[in-house]
Structure formats: structure tokens, C-alpha cells
Amino acid sequence: VQLQASGGGLVQAGGSLRLSCAASGVTFSSHAMGWFRQAPGKEREFVAAINTGGSRTYYADSVKGRFTISRDNAESTVYLQMNRLTLEDTALYYCVGRRVVTGSSALYTGGYDYWGQGTQVTVSS
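First things first, this report covers the structure right here in the doc. (Residues numbered from 1 in each chain as written. Predicted model: local features only at pLDDT ≥ 70, side-chain atom pairs only at ≥ 80, totals over all residues. Heavy atoms only, no water.)

Section: the overall build of the protein
Okay, step 1: For the protein, the count of helices and strands is zero helices and 11 strands.
Okay, step 2: If you list the helices and strands of the protein from N to C, you get β-β-β-β-β-β-β-β-β-β-β.
Okay, step 3: In terms of overall dimensions, the protein is globule-like: its C-alpha atoms have a radius of gyration of 13 Å, near the 14 Å expected for 125 residues.
Okay, step 4: Referenced to the eigenvectors of the C-alpha coordinate spread, the extents of the protein come out at roughly 45 × 25 × 25 Å.
Okay, step 5: Per-residue burial for the protein yields a buried fraction of 46% across its 125 residues.
Okay, step 6: Carbon and sulfur atoms form 46% of the exposed surface of the protein, whose accessible area is close to 6000 Å². (Helix = DSSP H or I, 4+ residues; strand = E, 2+ residues; numbered from the N terminus. Rg over C-alpha atoms; globule rule 2.2 N^0.38 Å. Buried < 20%, exposed > 50% of the residue type's maximum accessible area, 1.4 Å probe, protein only. Areas by Shrake-Rupley, 256 points an atom, 1.4 Å probe, with all protein chains shown as cover.)

Here it is in C-alpha cells:
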């Protein structure tokens, strides 16, 4: 199982970035997906989650209204669109996956089975 995240980079405050995470070695449609992040000196924190079909999403309060998680099951890819970025969004972002029953509408803020390698997002003033 491999989760390959990409799309991170350096952006000015107020700007946008779109992260992608391509999954391989799994039946993607059987996995709830999500994003976590870890800033320097801080604990890893939940960012966003999406169910297997993409019909339901859930966000941490800190990103609600600014970030959007989505998925393309045909491409086995999950995305995180990040708008109005702030300095506090600077972190290493990880995509995560959790095997569930196909068609499940469940969302998860933890208990993920698979973690990607992370992609760095740095927001400058």
C-alpha cells in the first residue's frame, strides 16, 4: 500500500494550494480517506476526512470554510484544496486511509491504517 502526497510548497499568506494524494496497492473505493498535519514542535492533528463515495466530509474547526477535501475514485486520488492560507497552516501534511465496508458513509478523525510520507506546506507573511 502506498499513499503518495504531492502539491506542497511555499505560498504567501492568503494564497491557495491544492494537495493531491495518489493511492496504489489498495481498493481505493473501500477506504475512507483523510488528511492530517504536523507543525514543528506540535502534535499531529486531524485536518479533514471524506467517506468512501465522497458524499460526506468533515473538517477540523481550524480549517472549516477554507479547506475542501474531495476524491476521485476512478483516479484513486484524494485532494485537499486549501484557500486563505495563514501562517498557522504551515506544517507537514499527510494523507491517510482506512479500510471500511464499501459504500460506508462513515467519517473518521482517527484510527487510520495507512499514512503517506507527507508533503510540506509553508506559508510566509
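Some remarks on the sheet that holds strand β7 (residues 67-72)
Okay, step 1: Taking strand neighbours across the sheet as the criterion, the four strands line up as β1-β3-β8-β7 in an open arrangement whose pairing is antiparallel. Here the strands that pair on one side only, and so sit at the sheet edges, are β1 (2-6) and β7. The average angle at which neighbouring strand axes cross in this sheet is 15°, direction not considered.
Okay, step 2: Here six bridges tie β7 to strand β8 (residues 77-82), and the two strands are oriented antiparallel to one another. Bridging across to β8, Phe 67 finds its partner in Met 82. (Pairing = 2+ DSSP bridges. Axes fitted to C-alpha atoms, helices over the stretch in contact; angles between N-to-C directions.)

A few points about the nonpolar core
Okay, step 1: With 36 residues, the main nonpolar core has Trp 35, Val 78, Leu 80, Met 82 and Tyr 93 as its most contacted residues.
Okay, step 2: Within the residue set of this core, elements represented by two or more residues are β1, β3 (17-24), β4 (31-38), β5 (45-50), β7, β8, β9 (91-99) and β11 (119-124).
Okay, step 3: Per-element accounting of this core gives the leading share, five residues, to β5.
Okay, step 4: With residues up to four places along the chain from it excluded, the contact list for Val 78 reads Leu 19, Ser 20, Cys 21, Phe 28, Met 33, Trp 35, Ile 50, Ile 69, Ser 70, Arg 71 and Cys 95. (Core = buried A, V, L, I, M, F, W, Y, C linked by side-chain atoms within 4.5 Å. Contact = heavy atoms within 4.5 Å.)

Describing the pairing of β7
Okay, step 1: The alternating pattern of β7 places Phe 67, Ile 69 and Arg 71 on a buried face, while none of Thr 68, Ser 70 and Asp 72, on the opposite face, is buried.
Okay, step 2: Hairpin connection of β7 to β8: four residues between the antiparallel strands, including Ser 76 at a positive phi of 50°.

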